[in-house]
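Okay, here's what each chain looks like letter by letter:
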Amino acid sequence: MNSTNDNQDKPVITAAIDGFFLVFYRIAVFIARFFREAFRPPVEWSEFVRQCYQVGYKSLALVTVTGFITGVVFTEQSRPTLSEFGVTAWLPSLVAIAVVRALAPLIAALICAGKVGSSIGAELGSMKVTEQIDAMEVSAINPFRYLIVTRVTAMTICLPILMFYNALIGCMGSYFDVHAHEQTSLVSFFDNALAQITFLDYTTALTKSIVYGFTIGIVSCYQGWNASQGTMGVGKAANESVIVSMFLIFIEEVIIVHIFNSIR
């Protein structure tokens, strides 16, 4: 009997490597359960709308300020280089391409990862360690559908909206800077800005924001859903929600850019 138990406890490779693959397995099961529950009725509309409010509306102020400053700073940094070649008229196009292709999706995702992702991880972690999730199961409520599906779906839908809003505010910040130096009109600025943006650029930005939103939602919910060790676990869930989400966002950024550049 003892030898049998020893063989069962013995790691396949090493304890660290076995644990690493076990985490991947649990994440895969978590994602598979999300898709299974997402397409089953009933839909928790009230909780979904509340999460859209938390993710979207409550992030608008921070997205607005960050987007505007990004547009102004990027324009100021680009002007000296373009002035050396006498092509400052290219500033609207340059800023618009940079904002739509890269800056807007990345900035919106990082803001949501830091603000909303940590909040989701802490909220679900607190519910987990205080056994509120177990109480929901006893009350005949599907906690996974109510807590996880609504949050991941809201994040996936709201982040593209925040991304396009961030791009618009970034271009407006750039316009005010350009107008202050070159007295360019608003119509002329946006004519030049939108002239160089293609449908593929919009598709790239939309794809990035959808992938980033799903990643933030899944990671944050997974960390909170699997929190343990009391209040320490809640803090750990919030912290790891941000760190892992940002790490995966940068990896996905590289992959998506390579894919769309091969199409371009």
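Residues numbered from 1 in each chain as written. Predicted model: local features only at pLDDT ≥ 70, side-chain atom pairs only at ≥ 80, totals over all residues. Heavy atoms only, no water.

If you check an unreviewed UniProt entry, the chain appears there as ABC transporter permease from Chitinophaga eiseniae.

Considerations on the packing of aromatic side chains
Convention followed: Only centres within 6.5 Å qualify two rings of Phe, Tyr or Trp (six-membered ring in Trp) as a pair; their planes then separate them into stacked at under 30 degrees, edge-to-face at over 60, and tilted for everything else. The secondary structure listing takes helices from DSSP runs of H or I that are at least 4 residues long and strands from runs of E that are at least 2 residues long, numbered from the N terminus.
Tallying each qualifying case throughout the model produces 12 aromatic pairs. Residues Phe 34 and Phe 35 carry aromatic rings whose centres are separated by 5.2 Å and whose planes lie at 70° to one another, so their mutual orientation is edge-to-face. Aromatic side chains Phe 68 and Phe 176 sit 6.0 Å apart centroid to centroid with 50° between the ring planes, which places their arrangement in the tilted category. Residue Phe 68 is located in helix α4 (residues 60-84), and its partner Phe 176 is located in helix α7 (residues 143-182); the two are separated by 108 residues in the primary sequence.

Let's talk about the confidence of the model for the chain
This is how the line gets drawn: One number per residue, pLDDT, summarises how confident the predictor is, and it ranges from 0 to 100.
On average, residues of the chain score 87 in pLDDT, and 95% of them reach the 70 mark or higher. Predicted confidence in the chain is weakest over helix α1 (residues 2-9), with a mean pLDDT of 54, and strongest over helix α9 (residues 199-225), with 94.

Examining α4
Given 3.6 residues per helical turn, the α-helix brings residues three or four places apart onto the same face. What counts here: For a helix, the expected span equals 1.5 Å multiplied by the residue count minus one. Two axes define the bend at a residue: one fitted to the seven residues ending there, one fitted to the seven starting there, and the bend is the angle between them. Only protein chains enter the area calculation, which uses a 1.4 Å probe; residues under 20% of their type maximum are buried, those over 50% are exposed, and those in between are partly exposed.
Spanning 25 residues, α4 covers 37 Å between terminal C-alpha atoms, matching the ideal 36 Å at 1.5 Å per step. Of all the bends in α4, the greatest reaches close to 30° and is centred on Ser 78; the proline Pro 80 follows between one and four positions later. Every buried residue belonging to α4 is among Val 63, Gly 67, Thr 70, Gly 71, Thr 75, Ser 78, Arg 79 and Leu 82, and all of these are buried. Backbone geometry just downstream of α4 places Gly 86 in the positive-phi region, at approximately 70°.

Regarding helix α5 (residues 91-129)
The largest bend along α5 reaches roughly 55° and is located at Val 99. Of the residues one or two after α5, Glu 131 is the one with positive phi, at around 65°.

Thoughts on the side chain of Ser 93
Using the following cut-off: Here, two residues are considered to be in contact whenever any of their heavy atoms come within 4.5 Å of each other.
By the element assignment, Ser 93 lies in helix α5. Look past the residues within four positions of Ser 93 in its chain and what remains in contact with it is Asn 192, Ala 193 and Gln 196.

Topic: the state of the cysteines
Here a disulfide denotes one covalent bond, and it connects the sulfur atoms of two cysteines. Put simply, the rule is: When the sulfur atoms of two cysteines come within 2.5 Å, that pair is taken as a disulfide.
Throughout the structure, instances matching the rule amount to 0 disulfides. Lacking any disulfide linkage, Cys 112 is separated from the closest cysteine sulfur, that of Cys 158, by 8.3 Å. As a non-bridged cysteine, Cys 171 has Cys 112 as the owner of its nearest cysteine sulfur, 19 Å distant.

Describing the layout of surface pockets
Where we set the bar: For each structure, a 1 Å grid was placed over the protein atoms alone; sets of points admitting a 1.4 Å probe that cannot get out are labelled cavities, open sets with protein on both sides within 12 Å along at least five of seven lines are labelled pockets, and lining residues have an atom within 4 Å of a point. Grid points are joined across faces, edges and corners, and a volume is the space filled by probe spheres set on the points. All amino acids are sorted into three groups, where Ala, Val, Leu, Ile, Met, Phe, Trp, Tyr, Cys and Pro are nonpolar, Asp, Glu, Lys and Arg are charged, and the leftover types, Gly among them, are polar.
Of the pockets and cavities examined, the largest pocket occupies roughly 770 Å³. The set of elements that each furnish at least two residues to the lining of the largest pocket consists of α2 (15-38), α9 and α10 (230-263). Take the lining of the largest pocket: its biggest share by element is 8 residues, from α10. In the lining of the largest pocket, the residues fall into 15 nonpolar, 6 polar and 4 charged. Approximately 310 Å³ is the volume attributed to the second largest pocket. Around the second largest pocket sit 19 residues that line it, and Phe 34, Ala 38, Val 43, Val 149 and Thr 153 are the ones nearest its centre. Counting only elements with at least two residues in the lining of the second largest pocket, the list comes to α2, α3 (45-55) and α7. In terms of residues, the lining of the second largest pocket owes the most to one element, α7, which gives 7 residues. When the residues that make up the lining of the second largest pocket are grouped by side-chain class, the tally is 12 nonpolar, 3 polar and 4 charged.

Comments concerning the nonpolar core
Quick reminder of the rule: As used here, the term nonpolar core means buried Ala, Val, Leu, Ile, Met, Phe, Trp, Tyr and Cys residues forming a set that is joined through side-chain atoms within 4.5 Å.
Judged by nonpolar contacts, the single largest core of 54 residues is most densely connected at Phe 30, Leu 147, Ile 148 and Ile 216. Among the elements of the structure, α2, α3, α4, α5, α6 (132-138), α7, α8 (186-195) and α9 are those that each provide at least two residues to this core. Top contributing element to this core by residue count: α5, with 17 residues. Residues within four places of Leu 147 in sequence aside, it is in contact with Leu 124, Met 127, Ile 133, Met 136 and Trp 225.

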